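Summary of structural features
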Amino acid sequence: VRLELQADCFAGVWANSLRDQGVFLPGEINEAIDAAEAVGDDRIQQTIQGRVTPENWTHGSSAQRVEWFTRGFDTGDPSQCDTFG
């Protein structure tokens, strides 16, 4: 889970590096955040199983995924993506 959350953070850092280059249309970063939230393990488990079992997570909760992507995007700093520290 930590490695996947770190990847979400790095995706945010990458998006930050392009933010001033006109690559993203208005609202696309919010769409990326919504997508990360939609595929959180808690949301998927609740939808499929009707219950949430954190011990079986592989990518983190919706809130965690949003938090780590946002951290990377807001800071643009890969050193802020240390989920193991």
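This text gives an overview of the structure that appears in the document. The model shown is predicted, which means the values in this text are computed figures rather than measured ones.

Nonpolar side chains collect at one region of the surface, where Val39, Ile44 and Ile48 lie side by side and expose about 270 Å² of accessible area between them. With respect to the element layout, isoleucine 44 can be found in helix 3 (residues 41-49).

Among the structural elements, serine 61 can be located in the loop between helix 3 and helix 4 (62-75). With near-sequence residues (within four places) excluded, serine 61 lies in contact with Gly40, Asp41 and Asp42.

Tracing the backbone shows threonine 83 in the segment after helix 4. With 29 residues separating them along the chain, threonine 83 and proline 54 place their C-alpha atoms 17 Å apart. Ignoring sequence-local partners within four residues, the contact set of threonine 83 consists of Arg2, Leu3, Leu5, Gln6 and Trp68. A polar contact is formed between the side chain of threonine 83 and the backbone oxygen of arginine 2, at a distance of 2.9 Å.

Turning next to the pattern of salt bridges. Inspection of every chain in the model, using the stated rule, returns two salt bridges. Among the salt bridges present, the one from aspartate 8 reaches arginine 65, with a minimum N-O distance of 2.8 Å. Taken together, the residues aspartate 8 in helix 1 (residues 2-18) and arginine 65 in helix 4 connect sequence positions 57 residues apart. Take arginine 65: its relative accessible area is 10%, and that puts it in the buried class. Between arginine 71 and glutamate 67 there is a salt bridge, with the nearest N and O atoms lying 3.6 Å from each other. Placement of the pair is arginine 71 and glutamate 67 together in helix 4, with a separation of four residues, close to one helical turn.

In this section: the state of the cysteines. Evaluation of the coordinates by the stated rule reveals one disulfide. A disulfide bridge connects cysteine 9 with cysteine 81, and the sulfur atoms are separated by 2.1 Å. On the sign convention where negative means left-handed, the S-S torsion of about -75 degrees between cysteine 9 and cysteine 81 marks this disulfide as left-handed. Taken together, the positions of cysteine 9 in helix 1 and cysteine 81 in the segment after helix 4 put the pair 72 residues apart, joining distant regions of the chain. Both residues of the pair, cysteine 9 and cysteine 81, count as buried.

Rules behind the numbers
Residues numbered from 1 in each chain as written. Predicted model: local features only at pLDDT ≥ 70, side-chain atom pairs only at ≥ 80, totals over all residues. Heavy atoms only, no water. Patch = residues over 30% accessible without salt bridge, like charges linked within 9 Å, V, L, I, M, F, W, Y side chains within 5 Å. Areas by Shrake-Rupley, 256 points an atom, 1.4 Å probe, with all protein chains shown as cover. Salt bridge = Lys/Arg side-chain N within 4 Å of Asp/Glu carboxyl O. Helix = DSSP H or I, 4+ residues; strand = E, 2+ residues; numbered from the N terminus. Contact = heavy atoms within 4.5 Å. Polar contact = N/O pair within 3.5 Å; in protein donor to acceptor, adjacent residues only side chain to side chain. Buried < 20%, exposed > 50% of the residue type's maximum accessible area, 1.4 Å probe, protein only. Disulfide = S-S within 2.5 Å.

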